[in-house]
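Analysis of the macromolecular model
What follows is the residue order along each chain.
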Amino acid sequence: MLRLRGLVPGVALGLLLIDLVGMIVLSAVRPQFLSDYNLFVTGRDLSILLLVALAQMIVLSLGQMNLSIGSIGGLVAIIESGLMVRFGVPVPVALVAGLLLGIACGVVNGLLVYWTKINSFVLTLGTSYVFAGINLGITHATPFYHIPNEVSSFGQARFGPIPFMAAVTIVLTLLLAGFLYQVVLGRQLLAVGGNSVAARLSGLPIRRATLTAHAISGFLAAVAGTMLMAQLGQGQPTIGATWVLPSFAGPIIGGAALSGGSAPVLGTVLAMVLISLIDDGLVLVSADPFWVEFLIGALILGAVVLGRTHLGDVRVFLRISTARPVGSIR
Amino acid sequence: MSAEPNPRTLEVRLEVSGIRKQFPGVVALDNVSFRLRAGEIHALLGENGAGKSTLIKILTGVYQPDEGEIRLDGTPVRFASPRAALAAGISVVHQERNLIPQFTVAENILLERIPTRGVQLVDHAAINRLARPWMDMVGVEAAPATPVAELSVAQMQLVEIAKALSLQAHILLMDEPTAAITPHEVGYLFRILGELRRRNVAIVFVSHKLEEVFELCDRVTVLRDGRNAASDVEMATINRDRLVTYMIGRAEVIAKLPPKPPAGEAVLEVAGLTTKGGDGALSLVLRRGEVLGLYGLVGAGRSNLAKTLVGEIKATGGEVRVRGAVTHIASFREALEKYRFGYVSEDRKEEGLILLHSVRANTSITIWRRLRLLGQWIARSIEDAAILPSLRELDVRSHSLSQSVGTLSGGNQQKVSIAKWLAAKADILIIDEPTVGIDIKTKNALHELIWDLAAKGKSILLISSDMPEVIRLSDRILVMRNHAIVGELPNDHQYDEMSEAIMARLS
Amino acid sequence: MTGGALLRQVALLALLIVTAGFWIYFSVAASGFTSDFNLFSLLRFAAIQITIGFAQMVALSIGDLNLAVGAIGGATGMIAGWAMQVLGLPPLVAVVFALAAGMLLGFGNGLLITWTRINSFIVTLATASLITGAMLIVTHADPFSRLPDSFTSFSETEVASLPVSNLVLVMLAVGVALFFLYRNLSLGREMLAVGANRRAARMSGLSVDRVVLLTHGISGALAATAGLMAISADHTASPSLGSDWLLASFVAPAIGGTLLSGGLVSVPGTILGGVLLATISNGLLLVGIDNFWITVFLGVVLLLAVVLDRVTRAAGGAVP
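In short, a report on the structure. (Residues numbered from 1 in each chain as written. Chains lettered and ligands numbered in written order. Predicted model: local features only at pLDDT ≥ 70, side-chain atom pairs only at ≥ 80, totals over all residues. Heavy atoms only, no water.)

Quick look at the overall build of chain B
Quick reminder of the rule: Secondary structure counts use DSSP, requiring at least four H or I residues in a row for a helix and at least two E residues in a row for a strand, with both numbered from the N terminus. Atoms considered for the radius of gyration are the C-alpha atoms alone. The globule rule reads 2.2 Å times the number of residues to the power 0.38. Between buried and exposed lies partly exposed: a residue is buried under 20% and exposed over 50% of the maximum accessible area for its type, with that area taken using a 1.4 Å probe on protein chains only. By definition, residues are in contact when any of their heavy atoms lie within 4.5 Å. Using a 1.4 Å probe, accessible areas were evaluated by the Shrake-Rupley method; residue-level cover was limited to the displayed protein chains. This count recognises Lys and Arg as positive and Asp and Glu as negative, with His and chain-terminal groups excluded. Throughout, a charge is located at the NZ atom of Lys, the CZ atom of Arg, the CG atom of Asp or the CD atom of Glu.
Looking only at helices and strands, one finds 18 helices and 22 strands in chain B. In summary, chain B has a C-alpha radius of gyration of 25 Å against a globular reference of 23 Å for 507 residues, a match within 12%. Each principal axis of the C-alpha distribution contributes one length, and for chain B these read about 75 × 50 × 45 Å. Residues counted as buried form 57% of the 507 residues belonging to chain B. By sequence separation, contacts in chain B at least 24 residues apart represent 67% of the contacts at least 6 residues apart. Looking at chain B as shown, the accessible area adds up to about 20300 Å², and 51% of this sits on carbon and sulfur atoms. Of the charged side chains in chain B, 61 are positive and 61 negative, and the gap between their average positions amounts to 4 Å.

Dropping the structure here:
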């Protein structure tokens, strides 16, 4: 039971239930929900947005933020498609270069945060504009069309209802979970997020943890950007422009605390499943697509308010020492 | 009294001599020496601000001494970082701060050297297996895989001890380990510490509770005002009175204060007050124009009582009357505006002042609402006119009213934090540890100011763990211990008799 | 004058010199920079950016964030457009209507923050998407582009035949109001106290919740002001209005010396910051640098501003 509680926290159980109910209701009301094609499309969106959410979660687990996930994803997609389309660089080379660029962008974020000790919100807001600006400066907001077939066909490839992309996301999610729970550096990263004073006094490698979290964030953003490019069949400069909200929605609804120390991988997965269900449900009932944004906002508020009421163990623990009755966690 | 005679010749493990540490404006430690033997529990005593925590920080590599020498097993050492001290076998046990709340007990114990299989893969089974013996050694009752956040404070402390032991610590610094745990848990902790002494661990025990020191410790070193008041004295050769004298010093510096008018009518009557914080039924009466001293060691529940009076902590029972009327104060704002209470916090930096802001803003913050013209406007001339008398009365020294409070000296900061209540015409002042971290001369000036305020008709509840201060300033003294008022003494300002009488109530 | 205040004056002077330097450089290097037409549009753009910055500065003053500045500005702009175009209300009534709506939305943020005790970041992130989502649902993302002339010409009118738009006057009026708010009004002083040390403010008898609530109300009203200014200048209320305000809202206050952690604001600094921002965007465009690259520049400016601020404060030790 102890083990189970550690692995499946209350938030995740609640989300799982909501997800299941949502799927049942949706398939009852709109049978085409279960059609191969619908599941494929929904699964493909989910595969991309889940990586976006995990890119935020890993930085949140450190008690920091990354507002530049979307612009990293966009920049990477542009560089990759540009290399392939304009310069005829072989696909594997272009993709590897793009992913390395994503990691480099993350490292830049990490170094800035570690060196200056300035609020990661402002720093990554600044870098997000730098990355997005480079993207626009290169493309002048015009896509790179006609990326090589093997890339764009990967975006359409499926096995029955399951998109090939899902395999990438599943593998990366498992690797990330494994890293956080099974690898020493992952544990150290969470320790730094959980209590940075204790981590420093214990001599844990704080710089390495910071850089690693931001590098992983950049890498996941790069993969998400690459997959969206494959799905669209072109290097769209707007890739990633709308990712800020989902990137926070996933981890926050999934139970992450802005103060750090928790990395609810399962919660984030289930939260993103819920968001995809809402997205797909609205399409299926032909509702206004703008409802998605509205409902995600409502969901974040609802989840956090609920979380405050009975999942506050860790927060209570922190409150004891800081004794701060009014105000916000900054 | 000492727990048991120790037949072994105890070898000196750690020897500190001639340590000096200076911070801007204050000498925290001056020529301090300290000697610690293997297999002893050595009490480190002193009032707040005496230099205990500075010494501990030097021993654990957080600070480096300006002068002096540290020898470990005879060899001179320098600890450049906490990590270096840790590596040399010196561990500190804090109350609960040094653990990762989300991690399991076992992971916390082995945090720096998580066992791995293959390349950097965490071996969770090994963590639990390897942590178990250390947990058993100190009696952590939870399973190794329990998240630390679910433990009690006492259990967290045991986890920290287990962690220290697993790091092969042979010197253990216990920083007020009993401050937040129940008597039953204290008993258990002491058994564990006794066991560690048998295993030849050298233990430094910092506490404000003298009973505990006599029960547990073999030797004692006392610091006062950054110097050794006593070093390396065997507990068996010393009695309680003597120890207290070492801690609080002689009353020689005390100059008599001028007479003031007799106290007037009761302005604050508290009867049977209880709080969630565990206060027993507390009762007291504060009269107009008097200083009522509330003496007790740290942790006796004095600040808790004060914060209950101003509405910060909820009372669960009892009655509070202000100027005769029964009241239920719900917030600072109500305390100030309806009942004219002022609360001078012991924590100037976090609760008393806004260091970033000017002297002006810090003093007038309590009266902005009253100064407003046309609903909102605060004219600077009116504002300054309203606060200047209070600042002058307290003799606050600053370049200008626009100087930021953070750049003032500690004494001037304290004066500003009193001045803001005077500006608001508060006439019941609760002053919590007014002179902690303030030098002797300024301390004297502050005492005269407080006395003067009472002579002018303010009613003052003075909370202090500084015995000479309480005896010098109070008209009457309440003695508090374990969240209960254990005595009320009329004060004749005779230090020796009064301190004896107070100590009698404390034991 | 104390070290901290002096340092802040010096920083402001430095900002002034940098801005002036850019003006001199662009006057020489960029043909047309000093033309009346260009100055007019530059200053008008600056006025809007500065007002956006004010909306954020107010939230920052109490140590909060308002990620919904753009959402509120966009939604209230649409409300004003709808009120004028569909309801046919006179512009003045529509303006009051939109300002009230902005303040109400801000109060909504404040209420959620004080009730739930949730971090303002999360609350305003969520309300931003609630507000934008609701606006898009209601309007079906259709712009209102037939705004009354009397409303759109307001931003075109020159003041005293100088190349200065009325909008600059609006911005200056708001700036003066904010300057006195923080200097002389009880509420403003309370806001700064809450921002610098929430606990000490409460323990000095201030009602922190009331201050938080009012602050977000003001921030909302300022966002609405910026929204109104923008639709007047654009001649249209577009549903995408406000979606790109986030950076601007932080850049102007951050360059101007407003502390991101609260308790210290600078109205003149924010104005200068906004002018610098607008000057760079405008001038670089004129010297032939691609519009798209200017985004990079602004990101770098924000990074430089916060890093320099950190460095000077560390050196001066002004803020303990």
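Back to the text.
Topic: the interface of chain A and chain C
Quick note on the threshold: Reported buried area values correspond to the accessible surface (1.4 Å probe) lost by two parts on association, with both partners' losses combined. Any carboxyl oxygen of Asp or Glu that lies within 4 Å of a side-chain nitrogen of Lys or Arg is treated as forming a salt bridge with it.
Tallying the contact residues gives 47 residues for chain A and 47 residues for chain C. Approximately 4200 Å² of surface area, both sides summed, lies buried where chain A meets chain C, with 76% of it carried by carbon and sulfur atoms. Summed over the shared surface of chain A and chain C, the number is zero salt bridges. For the side of chain A that touches chain C, the elements supplying multiple residues, two or more each, are helix H5 (91-116), helix H6 (120-139), helix H12 (244-253) and helix H14 (291-310) of chain A. The dominant element in the side of chain A that touches chain C, judged by the number of residues it contributes, is H6(A), at 13 residues.

Comments concerning the side chain of Thr51(C)
All names here are of chain C. Keep this limit in mind: Here a polar contact means two N or O atoms within 3.5 Å. Within protein one must be a hydrogen donor candidate and the other an acceptor candidate, and residues neighboring in sequence count only if both atoms are side-chain atoms.
Positionally, Thr51 belongs in helix H2 (residues 36-61). What makes Thr51 buried here is its relative accessible area of 0%. In this structure the side chain of Thr51 is engaged in a polar contact, spanning 2.7 Å, whose partner is the backbone oxygen of Ala47. Discounting chain neighbours no more than four positions away, the residues touching Thr51 are Met171, Leu222, Thr225, Ala226 and Met229.

A few points about the environment of Leu176(A)
Residue and element names in this part refer to chain A. Mapped onto the elements of the fold, Leu176 is located in helix H8 (residues 164-182). When its relative accessible area of 5% is taken as the criterion, Leu176 is described as buried. For the pair Leu176 and Val76, spaced 100 residues apart in sequence, the C-alpha to C-alpha distance is 21 Å. When sequence neighbours within four positions are dropped, the list of residues in contact with Leu176 reads Leu54, Met57, Ile58, Ile216 and Leu220.

Observations regarding the pairing of strand E20 (residues 459-464) of chain B
All names here are of chain B. Heads up, the rule is: Here, a strand pair is defined by DSSP locating no fewer than two bridges between the strands.
Where burial is concerned, most of E20 is hidden: six out of the six residues are buried. Neither face of E20 is exposed, since Ser459, Leu461 and Ile463 on one face and Ile460, Leu462 and Ser464 on the opposite face are all buried. The sheet contact formed by strand E15 (residues 291-295) and E20 spans five bridges and is parallel. Counted as the bridge partner of Tyr295 is Ser464 from E20.

Details of the interface of chain B and chain A
The line we're drawing: Gly falls in the polar group here, along with every residue not listed as nonpolar (Ala, Val, Leu, Ile, Met, Phe, Trp, Tyr, Cys, Pro) or charged (Asp, Glu, Lys, Arg).
Of the residues lining the interface, 28 residues belong to chain B; the matching set on chain A comes to 25 residues. Across the interface of chain B and chain A, roughly 2400 Å² is buried in total on both sides, 62% from carbon and sulfur atoms. Counting across the chain B and chain A interface gives one salt bridge. The salt bridge partner of Glu107(B) is Arg187(A), with a shortest N-O separation of 2.4 Å. At the surface where chain B touches chain A, the tally comes to six residue pairs in polar contact (both at pLDDT 80 or more). Going through the elements one at a time, helix H2 (82-87), strand E7 (116-117), strand E8 (121-122) and helix H5 (153-166) of chain B are the ones with two or more residues in the side of chain B that touches chain A. Among the elements that make up the side of chain B that touches chain A, the one with the highest residue count is H2(B) (three residues). Taken together, the residues of the side of chain B that touches chain A sort by class into 13 nonpolar, six polar and nine charged.

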